[in-house]
Amino acid sequence: MRALRTHLLHCNSRRVRGARYSGEVENEVGHEIAEALGILLRRTTRTQLHKQLTEGMGEAVDELTYPVLSALARTGPRSAADLAPDAGVDRSGVTRRASRLEAAGLVRREADPADRRAQLLVLTEQGRRAVAELRERLAAHIMASLSSWPPGEAEAFARQLRRFTVDGPFGQEGGPPPHGS
């Protein structure tokens, strides 16, 4: 893909000048970024990563319950209905997965102080430790995949990715929240 892109850019630079060239290159970069994001956001990609990260974490922590744990860690106590969009499953899916996590001592249910009829899902101390372990595994997995990059590139990528997620289409206004922490 990189060789093809370099070839296309080289050919375009000889044939096209000025604003038209700039627009074509920008559009090509936009397509390349969109393709990469498509791969990252695919459910199968996330599930495969979650399966790798949760290996050996115990019966209750797997690729299905990982999104619930991760979402709870990001958002704090929430009802199953409120957590569903962040976990990427419907309310009943969150409830089923939370029941498994509760049976394993990773999540507990508490009455919602704002609405006594509702229940909040809350990470237990054991659940917070599990999330910390999963985040360490994820960070190590990411760093291992970047180990062959030249010095400074991973840091620059991290800064630019953060900027893209904050200022780009995934920012606070109008975009979907990022998944997979």
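So, here's what we can say about the structure. Quantities reported herein were computed from a predicted structural model and do not represent experimental measurements. (Residues numbered from 1 in each chain as written. Predicted model: local features only at pLDDT ≥ 70, side-chain atom pairs only at ≥ 80, totals over all residues. Heavy atoms only, no water.)

### Comments concerning the nonpolar core
This is how the line gets drawn: Among the buried residues, those of types Ala, Val, Leu, Ile, Met, Phe, Trp, Tyr and Cys that are joined through side-chain atoms within 4.5 Å form a nonpolar core. Per-residue accessibility, obtained with a 1.4 Å probe over protein chains only, is compared with the maximum for each type, and a residue is labelled buried under 20%, exposed over 50%, and partly exposed between these values. Each helix is a run of DSSP H or I of at least 4 residues and each strand a run of E of at least 2, with the numbering of both proceeding from the N terminus. Contacts: residue pairs with any heavy atoms within 4.5 Å of one another.
Grouped together as the largest cluster of nonpolar side chains are 24 residues, with contacts concentrated most on Leu69, Leu83, Val94, Val107, Leu121 and Leu134. Counting only elements with at least two residues in this core, the list comes to α4 (66-75), α5 (80-87), α6 (91-103), β2 (115-123) and α7 (125-145). Here the element with the most residues in this core is α4; it accounts for 5 residues. Those residues in contact with valine 107 that sit more than four places away from it in its chain are Leu69, Leu72, Ala98, Leu101, Glu102, Leu121, Val122, Leu123 and Thr124.

### So, α5
Listed as buried for α5 are Ala80, Leu83, Ala84, Asp86 and Ala87. On its buried face, α5 is in contact with α4, α6 and β2. Phi turns positive one or two residues past the end of α5, at glycine 88, with a value near 80 degrees.

### Digging into the pairing of β2
Selection criterion: When DSSP finds two or more bridges between two strands, those strands count as paired.
In the sheet, strand β1 (residues 107-112) pairs with β2 via 6 bridges, with the strands oriented antiparallel. In the sheet register, valine 107 faces β2, and the bridge partner there is leucine 123. Between β1 and β2, which pair antiparallel one after the other, the connecting turn spans 2 residues.

### Brief notes about α6
Definition in use: Here the expected span of a helix is defined as 1.5 Å times the quantity of residues minus one. Taken from the helix axis, the directions to the C-beta atoms give the arc we talk about.
Here α6 contains 13 residues, and its C-alpha end-to-end distance of 18 Å stays within 8% of the 18 Å for a straight helix at 1.5 Å per residue. Residues Gly93, Val94, Arg97, Ala98 and Leu101 constitute the buried set of α6. Angularly, the buried residues of α6 cover 125 degrees about the axis, an arc narrow enough to put them on a single face. The exposed set on the far side of α6, more than 90 degrees from its buried face, consists of Arg96 and Ala103. Tucked into the core, α6 has its buried residues touching α4, α5, β1 and β2. Downstream of α6 by a residue or two, glycine 105 has a phi angle that is positive, lying close to 80 degrees.

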